[in-house]
Amino acid sequence: DFCVNLAYEQLGVIKYFVQYAKPIYEYPILFLTAGVSLKVLEFVLLYKIMRRLEFIPVTALIFAVFMPFSGGTMGAAPNGLITYINFNKTIISALLSLAGIYFILANKHALGGVCLALACYFHIPYGSTALVFVAAGILWHDAASKKWRPLFLLLVMSGFTLSPLVWRTYQMGHLVVNPIG
């Protein structure tokens with residue numbers, strides 16, 4: 001996988017994740033603890049997002065508890081969240097995307113942009129998809145009132161955070177003609 005090799009060899013993000021996560025994969029109790037911790041964090045983030053969207057607490061709690069265990073009925077492919085208890089880079093990317101969405105709903109657009117950009121370091125398709133759709137949602141929501149500051153903060157902070165990844169990808173582009181095939 002070109003993206004994983006790029007992040008591993010050039011940026012060190014995945015290399016450090018693998019290096020520090022290795023004991024978690026070797027000891028079942030650590031794996032279970034990390035997986036449960038990420039699932040709890042998923043519950044908390046989903047609950048906070050639902051509350052920011054002005055759902056009543058009971059409805060938000062029911063959604064937060066049952067949505068992650070829907071068994072993959074949210075689409076054709078598992079996305080790291082709607083699955084069993086696990087610990088891997090896709091779940092971390094999805095949780096960073098959720099954290100970015102929460103911070104944007106809490107009007108902390110700069111922090112939301114950083115979280116969404118960090119999600120790209122762990123899984124480029126998940127992070128970039130969330131970033132593009134959130135930016136499009138902010139543009140759609142704020143364009144009529146001509147409020148450009150939230151979108152500007154999101155794009156500047158995510159661009160600043162993503163600049164090492166984009167630069168190394170650009171440099172690798174000169175070395176690799178066709179990364180896919």
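Our structure is the block above this text.
Residues numbered from 1 in each chain as written. Predicted model: local features only at pLDDT ≥ 70, side-chain atom pairs only at ≥ 80, totals over all residues. Heavy atoms only, no water.

## Some details on unusual backbone geometry
Okay, step 1: Of note, E54 is a non-glycine position whose phi angle comes to about 70°, a positive value.
Okay, step 2: Structurally, E54 is set in the loop between helix 3 (28–52) and helix 4 (57–66).
Okay, step 3: Although it is not a glycine, N107 sits at a positive phi angle of roughly 60°.
Okay, step 4: With respect to the helices and strands, N107 occurs in the loop between helix 5 (89–105) and helix 6 (109–122). (Helix = DSSP H or I, 4+ residues; strand = E, 2+ residues; numbered from the N terminus.)

## So, the nonpolar core
Okay, step 1: Formed by 23 residues in total, the largest nonpolar core has its most connected members in F17, L38, F87, I92, L95 and L98.
Okay, step 2: Ranked by residues supplied to this core, first place goes to helix 5 with eight residues.
Okay, step 3: Beyond its immediate stretch of four places on either side in the chain, F17 contacts Y25, F87, N88, K89, I92 and F122.
Okay, step 4: Grouped together as the second largest cluster of nonpolar side chains are 14 residues, C120, L131, A135 and I138 included. (Core = buried A, V, L, I, M, F, W, Y, C linked by side-chain atoms within 4.5 Å. Buried < 20%, exposed > 50% of the residue type's maximum accessible area, 1.4 Å probe, protein only. Contact = heavy atoms within 4.5 Å.)

## A closer look at the packing of helix 6 against helix 7 (residues 124–142)
Okay, step 1: Remark: helix 6 packs on helix 7, axes separated minimally by 5 Å, with the N-to-C direction vectors making an angle of 150°. Overall, the two elements helix 6 and helix 7 adopt an arrangement that is roughly antiparallel. Contacts between helix 6 and helix 7 involve H109, L116, A119, C120 and F122 from the former and I124, G127, S128, A130, L131, V134 and I138 from the latter.
Okay, step 2: Here the contact of helix 6 with helix 7 is built from residues that sort into nine nonpolar, three polar and no charged. (Axes fitted to C-alpha atoms, helices over the stretch in contact; angles between N-to-C directions. Parallel < 35°, antiparallel > 145°, perpendicular 65-115°, else oblique. Nonpolar A, V, L, I, M, F, W, Y, C, P; charged D, E, K, R; others polar.)

Without other data, these values stay purely geometric and don't point to any function.
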